[in-house]
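Each chain, written out:
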2 protein chains.
Amino acid sequence: MRAERAQLAMMLEVCAFPKPGNVDRCHDYDTTWLEHFLASTILARPALDRAERGDGEIGSIILDAVERTNVHSGGNTHFGAFILLVPLVMGGDIPSTDRLIRKTTVEDSVLFYEAFGKTKVRVISGDELDVNDPRAVDEIRQRRMTLFDVMLYSAKNDMVAREWINGFQMTRRGADLLKSHGCGPDSIVKTFLDLLATEPDTLIIKKHGKDAAWKVMQKAQDVRDGFRDLVTFDQECIDAGFNPGSIADIMIASIYIALGEGWVWDC
Amino acid sequence: MRAERAQLAMMLEVCAFPKPGNVDRCHDYDTTWLEHFLASTILARPALDRAERGDGEIGSIILDAVERTNVHSGGNTHFGAFILLVPLVMGGDIPSTDRLIRKTTVEDSVLFYEAFGKTKVRVISGDELDVNDPRAVDEIRQRRMTLFDVMLYSAKNDMVAREWINGFQMTRRGADLLKSHGCGPDSIVKTFLDLLATEPDTLIIKKHGKDAAWKVMQKAQDVRDGFRDLVTFDQECIDAGFNPGSIADIMIASIYIALGEGWVWDC
């Protein structure tokens, strides 16, 4: 049930429209399409089943998920989402997940970096231990960093890693917002906009710098407050290549949690 | 691998756009959305896994698939597709599937009708043994009709049932057309149009009569031959409620076969 719920969350997130800057049912990027996200959603199932059964450690299951979903030409679709979903599916709820991730090992970190090496996720140069740099494995072993330590180290530049450190705060907030907006796919769009209006997306920061991410955040506030048109804003983001992919990853985790707490997607 | 391939076929079919009259990535029906089709695609996995493992008979696996996918409010999405996919996943290829379906039993028919009763598929009144009438179970037992016999009986009014009888001819043709149109989602649209231009859809016949189905077929020919605009035709079909759902079911089977023969969906 939990694996399925994670897949439904991945599917619902990518379909929700209009989602500023991201792939949705009406927008593809040139090399990454709606179908790539949905194929990854389908192909991840056995890894998510392992997470639900507790069959293996976090690092090995994230690696499994990446290997299974890496078979199409659409590049990375769900690496950030797996960083959140795999422990959440293993843990069941946020408090249990919180205890679980604090018990990760150096081996989890090594397998995580192996997984990372198989994606094409953006690397920040000059930061030898960033979660986004696959060359850091030797350093990891030397410093005996667990996967939790890696996330702690990466949290300053990566809002997905930050979720591990702060008890899944944004995930929790997203789930609460979803429920407050009521049932149905429109609530996903509204919640996405709420999150986008509150924090600069770290994927946009990595690709385009802090100023771009702040501008997107401010425009999202305008849209939320009714001063700017959502569809126009979406198109602006797409044209500029501003894709808030980290908030999308957290959104998936929020949908997963909300579904488990009775939020209804089809009404 | 076969279960996954069946899911990919279901996902690719529903996303392909523009698909005259059917749900696609840009069109929902009021109560049946893209997300309902994709949820069913995800939820069917354990039943398709059973088909791949040969764990159970055709009737019980079709019932399993229907029960698992019946949990959302979108109504029937894939009953016709399961009638084709379950034996195809069990059989592996068309010749093996052909042998398999000729060995079905009365028990398969009974479970099939139980599955049917849980969908809201259109019934033809006045035909006490039609595949689309759940009240026919007693009659089935009395006449000792296997599921193959039921399909034989239903073939005159139902092109999905006809596939069982004629060695999956339209499925085979669709797979060959897909490959001839080349890789990528556009080939799905072209193949769908080819099939729509060749045979009247039996779901349209059941809902709107023969004349409507013939008109749709003729307009599809015009579109294929460049005399009519595809997007306009799509909108006309949607406005009139003409949804060629049986050809969509067969299209899913064609994609499944083509994927198994090396056709590439993302290029």
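These numbers come from a predicted model, not from an experiment.

## Some remarks on the overall build of chain A
Step number 1: Along its length, chain A carries 16 helices and zero strands.
Step number 2: Relative to the 2.2 N^0.38 estimate, which gives 18 Å for 267 residues, the radius of gyration of chain A is 17 Å and therefore close to what a compact globule would have.
Step number 3: Overall size of chain A, expressed as C-alpha extent along the three principal axes, is 50 × 40 × 35 Å.
Step number 4: The buried share of chain A, reckoned over its 267 residues, is 54%.

## With respect to the relation of the copies chain B and chain A
Step number 1: The transformation that overlays chain B on chain A combines an axial shift of 0.0 Å with a rotation of 180°, and the residual RMSD is 0.0 Å. Each copy turns onto its partner about a two-fold axis. No C-alpha of chain B lies nearer the rotation axis than that of Arg25 of chain B, which sits 2.8 Å from it.
Step number 2: When the interface residues of chain B are mapped onto chain A, 100% of them again lie at the interface, so the same face is used by both copies.

## Brief notes about the interface of chain B and chain A
Step number 1: At the interface, 22 residues of chain B touch 23 residues of chain A.
Step number 2: Per element, the largest residue contribution to the side of chain B that touches chain A is seven residues, and it comes from helix α2 (residues 34-43) of chain B.
Step number 3: Looking at the side of chain B that touches chain A residue by residue, the classes come out as twelve nonpolar, five polar and five charged.

## Some thoughts on the environment of Phe79 of chain A
Step number 1: With respect to the helices, strands and loops of the structure, Phe79 of chain A is situated in helix α5 (residues 79-91).
Step number 2: When the C-alpha atoms of Phe79 of chain A and Ile140 of chain A are compared, they prove to be 20 Å apart, with 61 residues separating the residues in sequence.

## Let's talk about the nonpolar core
Step number 1: If you look at the biggest cluster of nonpolar residues, it comprises 176 residues, and the most contacted ones within it are Ile62 and Leu85 of chain A together with Ile62 and Leu85 of chain B.
Step number 2: With residues up to four places along the chain from it excluded, the contact list for Leu85 of chain A reads Ala6, Ile252, Ala253 and Tyr256 of chain A.

## Focus: helix α2 (residues 34-43) of chain A
Step number 1: With ten of ten residues buried, α2 of chain A is to be regarded as a mostly interior element.
Step number 2: All of the buried residues in α2 of chain A are Leu34, Glu35, His36, Phe37, Leu38, Ala39, Ser40, Thr41, Ile42 and Leu43 of chain A.
Step number 3: Buried residues in α2 of chain A make contact with α1 (2-15), α3 (45-53) and α4 (58-69) of chain A together with α1 (2-15), α2 and α12 (185-196) of chain B.

## Some points on the packing of α12 of chain B against helix α16 (residues 245-260) of chain B
Residue and element names in this part refer to chain B.
Step number 1: Contact geometry of α12 with α16 gives a least axis separation of 10 Å together with a crossing angle of 130°. By the angle between their directions, the pair α12 and α16 is classed as oblique. The hand of the α12/α16 crossing is right-handed. Along the contact surface, α12 presents Ile188, Thr191, Phe192, Leu195 and Leu196, while α16 presents Ile247, Ile250, Met251, Ser254 and Ile255.
Step number 2: Its residues placed into classes, the contact of α12 with α16 shows eight nonpolar, two polar and no charged.

## Concerning the environment of Phe37 of chain A
Residue and element names in this part refer to chain A.
Step number 1: Position of Phe37 among the secondary structure elements: in helix α2.
Step number 2: Residue classification places Phe37 among the buried residues on the basis of 25 C-beta atoms within 10 Å.
Step number 3: It is 23 Å that separates the C-alpha atoms of Phe37 and Asp194, two residues lying 157 residues apart in sequence.
Step number 4: Not counting the four nearest positions on each side in its chain, Phe37 is found in contact with Val14, Val23 and Thr77.

## So, the packing of helix α11 (residues 169-181) of chain A against helix α16 (residues 245-260) of chain A
Residues and elements named next belong to chain A.
Step number 1: Packing of α11 against α16 brings their axes to within 8 Å, and their N-to-C directions diverge by 60°. Considering the angle they form, α11 stands oblique to α16. Crossing angle aside, the handedness with which α11 passes α16 is right-handed. The segment α11 lies against α16, with Met170, Thr171, Gly174, Ala175, Leu178 and Lys179 engaging Ile250, Met251, Ala253, Ser254, Ile255, Ile257 and Ala258.
Step number 2: In the contact of α11 with α16, the residues fall into nine nonpolar, three polar and one charged.

## Some thoughts on the confidence of the model for chain A
Step number 1: Across chain A, pLDDT averages 93, with 94% of residues at or above 70.
Step number 2: This complex was scored by the predictor with a pTM of 0.94 and an ipTM of 0.93.

## Some points on helix α7 (residues 106-117) of chain A
Residues and elements named next belong to chain A.
Step number 1: Across its twelve residues, α7 extends 17 Å between first and last C-alpha, which sits within 8% of the 16 Å expected from 1.5 Å per residue.
Step number 2: Buried within α7 we find Asp108, Ser109, Leu111, Phe112, Tyr113, Ala115 and Phe116.
Step number 3: Buried residues along α7 sit in contact with α4, α8 (137-143) and α9 (147-154).

## Side note on unusual backbone geometry
A negative phi holds for most residues other than glycine; trans holds for most peptide bonds.
Step number 1: Note the cis peptide between Phe17 of chain A and Pro18 of chain A, where omega equals -5°.
Step number 2: For Pro18 of chain A, the location among the structural elements is in the loop between α1 and α2.
Step number 3: Within the chain, Phe168 of chain A stands out as a residue other than glycine whose phi angle is a positive 60°.
Step number 4: Summarising the element assignment, Phe168 of chain A is placed in the loop between α10 (159-165) and α11.
Step number 5: Positive phi outside glycine occurs at Arg144 of chain B, with the angle close to 55°.
Step number 6: With respect to the helices, strands and loops of the structure, Arg144 of chain B is situated in the loop between α8 (137-143) and α9 (147-154).

## Focus on the environment of Gln169 of chain B
Residue and element names in this part refer to chain B.
Step number 1: Relative to the elements of secondary structure, Gln169 occurs in helix α11 (residues 169-181).
Step number 2: Judged by local crowding, Gln169 falls into the partly exposed class, with 13 C-beta atoms found within 10 Å.
Step number 3: Along the primary structure Gln169 and Phe82 are separated by 87 residues, whereas in three dimensions their C-alpha atoms are 17 Å apart.

Rules used throughout
- Residues numbered from 1 in each chain as written.
- Chains lettered and ligands numbered in written order.
- Predicted model: local features only at pLDDT ≥ 70, side-chain atom pairs only at ≥ 80, totals over all residues.
- Helix = DSSP H or I, 4+ residues; strand = E, 2+ residues; numbered from the N terminus.
- Rg over C-alpha atoms; globule rule 2.2 N^0.38 Å.
- Buried ≥ 20, exposed ≤ 12 C-beta atoms within 10 Å, placed from the backbone.
- Least-squares fit on C-alpha atoms with pLDDT ≥ 70 in both.
- Contact = placed C-beta atoms within 7 Å.
- Nonpolar A, V, L, I, M, F, W, Y, C, P; charged D, E, K, R; others polar.
- Core = buried A, V, L, I, M, F, W, Y, C linked by C-beta atoms within 7 Å.
- Axes fitted to C-alpha atoms, helices over the stretch in contact; angles between N-to-C directions.
- Parallel < 35°, antiparallel > 145°, perpendicular 65-115°, else oblique.
- Left-handed = near helix turned anticlockwise from the far one by under 90°.
- pLDDT = per-residue confidence, 0-100.
- Expected span 1.5 Å × (residues − 1).

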